[in-house]
Structure formats: C-alpha cells, structure tokens
Amino acid sequence: MSAPRTTAPGSQLIETPGRVALRRAVADLGGRYGSAYYLAKARAGRPADELWAEAGKAGYLGVNLPAEYGGGGGGITDLAIVLEELGTAGCPLLLLIVSPAICGTVIARYGTEEQKRHWLPGLADGSRRMAFGITEPDAGSNSHRISTVARRDGEDWLLTGRKVFVSGIDHCDAVLFVARTEDARTGKLKPALFVVPRDTPGFEYRPIPMELVAPERQFQVFLDDVRLPAEALVGDGDAGLLQLFAGLNPERIMTAAFSLGLARQALGKAVEYARTRVVWSTPIGAHQGLAHPLAQCAVEIELARLMTQKAALLYDGGEDAAAGEAANMAKYAAGEAAARTVDQAVQTLGGNGLTQEYGLGALLTATRVGRVAPVSREMVLNYVAQHTLGLPKSY
C-alpha cells in the first residue's frame, strides 16, 4: 500500500536539499521494514533491534548530535524528519524521542566533557540507549510536585523516589532521571538531572501492562537510596530548570513528528483503499462522503507539519522561548490531526479497518500518545491561553 508522497510540491523552498534527501533516504529504509515488521516485533514483546541498528549505522539516530562526538552535526529539525518518515513507513520508533532527542540533547548542551565522550558516540550510532524518567504517579502534569529527591552524602548523591511511564528501560543502558534537590523539596521546582545506569544497586523497575502496541514497553521505577557518584549529575545542580527544558522542547517536537508519521501512514492506507475498493462499479473514493474527510485530513496533516518544522527550526536556532510556544502548538496540532486521520482511515476501510491485516486498529491507541503525552492537550491549551493570549492562569 502506498503512503502519501514524502515531499510536497515546493518542499525544496521549505527544506534544504540535504533534508529533502534525508527524508527520501529514511523513507527508503523504513519501507524495507514496514508496519508488518514493526507490529510483529511489538506483539512479540521484542524491540525493533534490526531497524534500530541499521538506522544507527546509517547515521540517522544521531543526526542531531555534535559531529565531534560521532553525530551528524544537525539538529532536532533533522531528527524529527527521521522519526516522521519511519512512522510514515509503519515503524514509529518511540525511543527516538527519548534517547537521542531528550537525553542526547541535554548531555550535548550541559554535560561535562567526560559525559559527552562517554555517552554521545553510543547514542549517535545506536549501540547505547538511554531512557528518560520524569513522570511520577502523584504529580501528573504538575512537574512542580516532583517528589523524587537527590540529597548529598559526602561526595555522592542518594536518589530516592518513584517514576512511572518510563519507556523502553529494559533495553536501555541508563536512565536520565529528573529529581529535585533536598533543599528545594518544599520550595519552587529546582530540578537536577542524573544519569543512572540500569544495573545500579537500589534501582528497580517493573513493567506496566499497556494496551499500546509498540516494541517499547512502559515501566514504573523504584529508587531506594540509589547511590550515585558526583559525576552522575548532568550540568549545574542550581540551573536544572534550563537544562530540563532543553530536553522537554525537543520532546514535544519529536512527539509531533511521531504523530505526523502515524497520520501519514494511516492516510496512505485509507487513500489506497478508497482508490481501489470498488462497490457498485465505482471506487468508494469517488464519493465525497469519503473523499472530503480524507482531503481534510491531508490539509490538517500538512498544517501540523509546517508548525512542527517551525518549532524545530526555532529550537535549532537558539530561540528557546519562541520554540517553547511553537513546540506546544506543533504537538497539539499533530496529535489532533493524527487522531482524526486514524479514525477516518478506520471508517474508510469499514470492518477491514479493525483487522490486523491493515494495522489501523493498533494506530487507534498509538495516536492517543500524541494527545496525552508528554503533556496533555488540555495543558497545552492552558499554556497557549496564558502565555500566548495573556489570559489569567486557571490553575
């Protein structure tokens, strides 16, 4: 089944020739694996290691990381292209959001020279992976209620707390955890970021049963006085908020790219079906009752793509404040477009839309990711109302 074309007319005016070529190359790679490979891995509970390794060898996983540490020297704009095109081909690798985008970016911007040399080459070529732990069961969307605490014990740190919805931890080498320093426990958010190898004593993780069909499983983590050396701290313990958002804005941009890939994958399947499915001597796509909703989905996807490109370019250009606003808008727009597109694709295929043969049923739950994570659509609207429109804060 065909997917919507990789590049739209005039895309060379929006993206550089190098990025157009990157789209095509990644689309070719994803096409050699496809949704059948991805879903088979997901349903067997196994990671997509073959695709991950080939993408790493080709330089796609670390395209955003500094060249001096084995990366491609690009930015989040480039990595978002990789995730979008893999998703369109049926292989939306969730760990791309986490390992190179969040963890790689934070370490590249704020890590010590030793941390960069130790982690970035492996994150770039895919030989090492890092998960990210911020969400807590009692904090929800309120990151100011983070209760995981890091306290000093001589030269070491002791980390205690609990995290939930940590993606892919069972196949990662370490986790980048967000905690708060002990002296800020009852004050304003004062986050500190720590790299914790998975085999560190006192570090326990358990799978969370999910309805999500994905190779990356979700975990809850228990940290019981996990002893860490001083060099586990990433950046300045007193400047953690800036360091945190260095990872959270790319997370929103990459989640938008994740949603766009799902939307384009679903639209491609629906359009192919509507073009070839004949009832009463006429392809069903000739009827406006199906053609118009699919056309509307195409419009919404393209608008969300443009917003995602804007957010990524602002972030890569160092415009952090503007990138924050755009990243939230892009994440919202792409999440909504994906949910509507997948729903319409299932409706277009009728009963076939819920069969495993077409793979659209699995996308119904996958599109919810873009609406609830890493921040809910409602919290994005709160952000826009307060920061863009200047309305009073509602919470």
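Everything below is about the structure shown above.
Thoughts on the nonpolar core
- Counting residues in each nonpolar core, the largest one holds 115 residues, and the members touching the most others are Leu96, Met130, Phe132, Leu159, Leu176, Phe194 and Phe203.
- At 16 residues, the largest contribution of residues to this core is made by helix α6 (residues 240-276).
- With sequence-adjacent residues up to four places away left out, Leu159 is seen in contact with Thr148, Val149, Ala150, Phe177, Ala179, Phe194, Val196, Leu223, Asp224, Asp225, Val226 and Leu228.

Thoughts on the pairing of strand β7 (residues 218-228)
- Looking at chain direction, strand β3 (residues 156-167) and β7 are connected through 8 bridges and run antiparallel. If you follow Val166 over to β7, its bridge partner there is Phe219.
- Bridging between strand β6 (residues 203-207) and β7 involves 5 bridges; their strand directions are antiparallel. Counted as the bridge partner of Tyr205 is Val221 from β7.

Things to note about the packing of helix α3 (residues 76-88) against helix α4 (residues 95-110)
- In contact at an axis separation of 11 Å, α3 and α4 are set at 175 degrees when each is read in the N-to-C sense. It follows from the interaxial angle that α3 and α4 lie roughly antiparallel. Contacts between α3 and α4 involve Ile76, Leu79, Val82, Leu83 and Leu86 on the former and, on the latter, Leu96, Ile97, Pro100, Ala101 and Thr105.
- Looking at the contact of α3 with α4 residue by residue, the class counts come to 9 nonpolar, 1 polar and no charged.

Focus: the environment of Val346
- Among the secondary structure elements, Val346 is positioned in helix α8 (residues 320-349).
- Note: C-alpha distance between Val346 and Leu267 (79 residues apart in sequence) is 9.8 Å.
- Apart from the residues lying within four places of it in its own chain, the contact partners of Val346 are Gly353, Leu354, Leu360 and Leu364.

Focus: the pattern of salt bridges
- Throughout the structure, instances matching the rule amount to 25 salt bridges.
- Residues Glu300 and Arg340 are paired through a salt bridge, measuring 2.9 Å at the closest nitrogen-oxygen approach. One end of the pair, Glu300, is in helix α7 (residues 288-316); the other, Arg340, is in helix α8, with 40 residues separating them in the sequence.
- For Glu300, a relative accessible area of 18% translates into the label buried.
- We classify Arg340 as partly exposed; its relative accessible area is 39%.
- The residue Arg340 makes a salt bridge to Glu336 at a minimum N-O spacing of 3.9 Å. With Arg340 and Glu336 both in helix α8, this residue pair falls 4 residues apart, about one helical turn.
- Salt bridges sharing partners connect three or more residues here, namely Glu15, Arg23, Glu84, Glu85, Arg264, Glu302 and Arg305.

Conventions adopted
Residues numbered from 1 in each chain as written. Predicted model: local features only at pLDDT ≥ 70, side-chain atom pairs only at ≥ 80, totals over all residues. Heavy atoms only, no water. Core = buried A, V, L, I, M, F, W, Y, C linked by side-chain atoms within 4.5 Å. Buried < 20%, exposed > 50% of the residue type's maximum accessible area, 1.4 Å probe, protein only. Helix = DSSP H or I, 4+ residues; strand = E, 2+ residues; numbered from the N terminus. Contact = heavy atoms within 4.5 Å. Pairing = 2+ DSSP bridges. Axes fitted to C-alpha atoms, helices over the stretch in contact; angles between N-to-C directions. Parallel < 35°, antiparallel > 145°, perpendicular 65-115°, else oblique. Nonpolar A, V, L, I, M, F, W, Y, C, P; charged D, E, K, R; others polar. Salt bridge = Lys/Arg side-chain N within 4 Å of Asp/Glu carboxyl O.

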